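Here is how the chains run, residue by residue.
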Amino acid sequence: MSNKIWLSPPHLSGTEIEFVQDAFDKNWVTSLGENINEFEKGLQEFLKDDEVKVCVLNSATSAIHLALILLGVSLNDEVMTSTFSFVASANPIAYCGATPVFIDSEKETWNMCPVALKEAIEDRVSNGKKPKAIIVVHLYGMPAQMEEILEIANAYDIPVIEDAAEALGSKYKGKACGTFGRFGILSFNGNKIITTSGGGALVCHTQEDKDKAVFLSTQARDQAPHYQHSHIGYNYRMSNIVAGIGRGQMEVLNDRVKARRKIHDFYVEIFRDIEGVEVFSEPSEDYFSNHWLSAIIINPEITGKTREDLRLAFLEDNIESRPLWKPMHLQPVFADAPYYGTHVAEDLFDNGLCLPSGSNLSDEDRSRIQSVIRNVFS
Ligand SMILES: *Cc1c(COP(=O)(O)O)cnc(C)c1O
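These numbers come from a predicted model, not from an experiment.

Enquirer: Before we go on, may I ask you to explain the overall build of the protein in this structure?
Expert: The number of helices and strands found in the protein is 13 helices and 15 strands. Whereas a compact globule of 378 residues would reach a radius of gyration of roughly 21 Å, the protein reaches 21 Å, a difference of no more than 12%. Seen along its three principal axes, the alpha-carbon backbone of the protein occupies a region of about 70 × 60 × 35 Å. Considering only contacts in the protein between residues 6 or more positions apart, those separated by 24 or more positions represent 72%. Total accessible area on the protein is roughly 16,400 Å²; 49% of this is exposed by carbon and sulfur atoms. Within the protein, the 53 negative side-chain charges are centred at a point lying 3 Å from the centre of the 35 positive side-chain charges.

Enquirer: Just to check I follow, could you spell out the site of the ligand for this structure?
Expert: Around the ligand there are 15 residues in total, and T61, D163, E166, S187 and K192 lie nearest to it. K192 is positioned such that a nitrogen or oxygen atom in its side chain is 3.4 Å from an oxygen atom of the ligand. Surface burial for the ligand is 93%, taken as the share of its 380 Å² of free accessible area covered by protein chains. When the residues that make up the shell around the ligand are grouped by side-chain class, the tally is five nonpolar, seven polar and three charged.

Enquirer: It is not clear to me how the sheet that holds strand β13 (residues 322-323) should be interpreted in this structure. Could you clarify?
Expert: Note on sheets: strands pair through backbone hydrogen bonds, and any given pair is parallel or antiparallel. Overall, antiparallel pairing links the four strands, which are arranged β10-β12-β15-β13 in an open sheet. The two strands at the open ends of the sheet, each matched to only one other strand, are β10 (277-279) and β13. The pairing of β10 with strand β12 (residues 294-298) spans three bridges and is classified as antiparallel. Among the inter-strand pairings, V277 is bridged to a residue of β12, identified as I298. Here helix α11 (residues 307-316) sits on the sheet and contacts β12, β13 and β15 (352-355); the angle it forms with β15, its principal contact strand, is near 25°. Along the sheet, helix α12 (residues 344-351) contacts β12, β13 and β15; its crossing angle with β15, the most-contacted strand, is approximately 60°.

Enquirer: Any chance you could explain the UniProt feature "modified residue: N6-(pyridoxal phosphate)lysine" (unreviewed entry) in the protein here in plain terms?
Expert: The feature "modified residue: N6-(pyridoxal phosphate)lysine" (unreviewed entry), as annotated in UniProt, sits at K192 in this numbering. Position of K192 among the secondary structure elements: in the loop between β8 (183-187) and β9 (200-204). On the accessibility criterion, K192 (9% relative accessible area) is buried. Discounting chain neighbours no more than four positions away, the residues touching K192 are A165, E166, S187, R260 and W292.

Enquirer: I would appreciate a short explanation of the environment of Y340 in the present structure.
Expert: Position of Y340 relative to the elements: it lies in strand β14 (residues 339-340). Given the relative accessible area of 8%, Y340 is considered buried. With 200 residues separating them along the chain, Y340 and Y140 place their C-alpha atoms 22 Å apart. If we ignore the near neighbours within four places in the chain, the residues touching Y340 are V101, F102, I103, D104, A116, E119, A120, D123 and R124. A polar contact is formed between the side chain of Y340 and the side chain of D123, at a distance of 2.5 Å.

Enquirer: Looking at this structure, I do not really get the sheet that holds strand β11 (residues 287-288). What am I missing?
Expert: Taken in spatial order, the three strands of this open sheet run β7-β6-β11, and their pairing is antiparallel. Among the strands making up the open sheet, the edge pair consists of β7 (175-176) and β11.

Enquirer: Please clarify how helix α13 (residues 363-377) should be interpreted in this entry.
Expert: Residues lying three or four places apart along an α-helix face the same way, a consequence of the helix completing one turn every 3.6 residues. Given a rise of 1.5 Å per residue, 15 residues ought to cover 21 Å, and the 21 Å separating the end C-alpha atoms of α13 matches this to within 8%. For α13, the full list of buried residues reads D365, R368, I369, V372, I373, V376 and F377. Here the buried residues of α13 occupy an arc of 150° about the axis, which is enough to place them on one side. Exposed residues lying more than 90 degrees from the buried face of α13 are D363, E364 and N375.

Enquirer: How do you make sense of the nonpolar core when you look at a structure like this?
Expert: Proteins that are soluble and globular tend to have nonpolar side chains buried together. Residues I134 and Y140 are the most contacted members of the largest nonpolar core, which totals 65 residues. In terms of residue count, the dominant contributor to this core is helix α6 (residues 146-155) (five residues). The residue makeup of this core includes at least three contributed by each of domain 1 (16-252) and domain 2 (254-377). If we ignore the near neighbours within four places in the chain, the residues touching Y140 are F84, W110, E166, F280, S289, N290, H291, W292, L293, L324, W325 and C354. Core analysis: the second largest hydrophobic core is formed by 27 residues, A67, A133, I135 and F183 among them.

Enquirer: Even after reading the chapter, I still don't get the pairing of β8, so can you show me in this structure?
Expert: The side chains of a regular strand alternate between the sheet's two faces. Among the five residues of β8, five are classified as buried, and the element is accordingly described as predominantly covered. The alternating pattern of β8 places F183, I185 and S187 and G184 and L186 on opposite faces, both of which are buried. With three bridges joining them, strand β5 (residues 160-163) and β8 adopt parallel strand pairing. Directly across from D163, in β8, lies its bridge partner I185. Pairing of β8 with β9, which is carried by four bridges, proceeds in the antiparallel orientation. Paired with G184 across the bridge in β9 is V203.

Rules behind the numbers
Residues numbered from 1 in each chain as written. Predicted model: local features only at pLDDT ≥ 70, side-chain atom pairs only at ≥ 80, totals over all residues. Heavy atoms only, no water. Helix = DSSP H or I, 4+ residues; strand = E, 2+ residues; numbered from the N terminus. Rg over C-alpha atoms; globule rule 2.2 N^0.38 Å. Contact = heavy atoms within 4.5 Å. Areas by Shrake-Rupley, 256 points an atom, 1.4 Å probe, with all protein chains shown as cover. Lys, Arg positive; Asp, Glu negative; His and termini not counted. Charge placed at Lys NZ, Arg CZ, Asp CG, Glu CD. Near = heavy atom within 4 Å. Polar contact = N/O pair within 3.5 Å; in protein donor to acceptor, adjacent residues only side chain to side chain. Nonpolar A, V, L, I, M, F, W, Y, C, P; charged D, E, K, R; others polar. Pairing = 2+ DSSP bridges. Axes fitted to C-alpha atoms, helices over the stretch in contact; angles between N-to-C directions. UniProt positions renumbered as here; feature names shortened; annotations may be inferred. Buried < 20%, exposed > 50% of the residue type's maximum accessible area, 1.4 Å probe, protein only. Expected span 1.5 Å × (residues − 1). Arc of directions from axis to C-beta. Core = buried A, V, L, I, M, F, W, Y, C linked by side-chain atoms within 4.5 Å. Domains from an automatic or database assignment.

Below is the structure:
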């Protein structure tokens, strides 16, 4: 059997271990230290927004939870989010005892549809319940239509949280994803564009918000010689060891974005002459995607093939691929949650497939992938 080609494996730079070793050598191995400070600084510089203050945490899921807490989301509130996403966009809403309200995708970016969002807000408001927050996801690295979404959110004075877990390095109209909303979220999980083994970040816009995030993520300890607490806290801060991996990864982040974008071009080239298959691409020059995962939509009527035909053919050759996200409003766990839209996300789920997109794909991997595709669609 040939070696396994993964969908999106970690891709280390080799320098991570030096920063980790440094933390060991200095015995700064817990939740304070130079790696944390420098990783946060590196992210701030990368996001190229002078106002941005980054707080690194143990996961992006924790970052979303803290953002909701900082916005005062609590029991029986409603929070709007994209139905077409990974479950971690919605779970923290449930942690707060609030109800997720799921918004459909639009066809250009596959992200939150501004028309469905507006309809949903108007409907909820007319029922006497204004949503407490909107979580917008930039899926597979593709920026959402931030201008339209922010305009609607601002008109109703609803704060926006950007789930940019998949979109570090993506930009909309030249501005980094994760810096548009009141809060942004980044992930360094093992399959993301860079990894710290596991980790995340909360992107804030004021030192005050960052200080609150650090406070809440380190058990909310008041100033006192003894342990004194006036708030419920969490154990969500990133460790100085993990942040060392992040520092090593920051050195190659630009290269990783370039490599993933090249993989997207590779698929565009393969599918150029296969009618009925569309490679997910930026709708206009306003969008710059890191192309974290390359994805396609297969039209079964034109190709005579389904996404399962291709997925199983890949599997046969030990190549991992994966259907697009199953919409959250179809998930048993969220069966009772409200949904607004025209079933765009369902169609994406039925016909879409994510293709191997690791920045470390070899030439040999590429030719194996290419021959499976050619065989299926010949
Ligand atoms: C990976 C991911 C998350 C969660 O990130 P963790 O760091 O694993 O908690 C949240 N939202 C989206 C869209 C993701 O892809």
